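Residue-level listing of the chains:
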Amino acid sequence: MLRTGLKISTTVLVAFAVMVLSWGFGRWWITGGHAGLRIGWVAGVLLAGMAVVVVVAGSRMWRMRRGRTHVEPVVAARLLGLAQASALTGAITGGFYLGQALALLPDHDFGGRGVLAVQHGLAAFGGLLLAVAGLLVQSWCRIDDDDEDEERDPA
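**Side note on the packing of aromatic side chains**
Now for step 1: This model, assessed by the stated rule, comprises 2 aromatic pairs.
Now for step 2: With a centroid separation of 5.8 Å and 40° between ring planes, the pair formed by Phe25 and Trp28 is classed as tilted. Linking Phe25 with Trp28, this pair stays in helix H1 (residues 8-31), spanning 3 residues, or about one helical turn.
Now for step 3: Ring centres 5.4 Å apart and planes at 65° place the aromatic pair Phe96 and Tyr97 in the edge-to-face group.

**Looking at the nonpolar core**
Now for step 1: Of all hydrophobic cores here, the largest spans 24 residues; its most connected members are Ile39, Met61, Tyr97, Val137 and Cys141.
Now for step 2: Elements supplying a minimum of two residues to this core: helix H2 (42-65), helix H3 (73-104) and helix H4 (113-140).
Now for step 3: Looking at this core element by element, the count peaks at 8 residues for H4.
Now for step 4: Not counting residues up to four positions away in its chain, the partners in contact with Cys141 are Met61, Ala76, Leu79 and Leu80.

Criteria and cut-off values
- Residues numbered from 1 in each chain as written.
- Predicted model: local features only at pLDDT ≥ 70, side-chain atom pairs only at ≥ 80, totals over all residues.
- Heavy atoms only, no water.
- Phe/Tyr/Trp six-rings, centres within 6.5 Å; stacked < 30°, edge-to-face > 60°.
- Helix = DSSP H or I, 4+ residues; strand = E, 2+ residues; numbered from the N terminus.
- Core = buried A, V, L, I, M, F, W, Y, C linked by side-chain atoms within 4.5 Å.
- Buried < 20%, exposed > 50% of the residue type's maximum accessible area, 1.4 Å probe, protein only.
- Contact = heavy atoms within 4.5 Å.

So this is what it looks like as structure tokens:
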């Protein structure tokens, strides 16, 4: 778990780097005479469903920040870990599937590659949605500075 939090720029950089690598591999694979990597329609739906689960689980922190409930510190730490892992996982999977979709686009009218590109695009959307959900829940886990902390640490 990162102490300072996962930055949006880091998540975007990870997604972009994975996308470029995936696009390069996909173009090399396709120009070598192979079919595109197969993926089902359900992959994007599952990734979007995971994003919903992360937001629902993290809503406890949102309610706590509004003074409506109490969350134990261990639970808050686990939610923060889940949020950061979801943000990185979403960035990696979203970047991978987006790279594959972009690699298939030039040949979209050949051998069903257009449908495959749409499937990869849907999965990329689900992955990026998971990354956004992770970053959102991480922002809910931030602790504001208290006056008590300033009194204990005079420096």
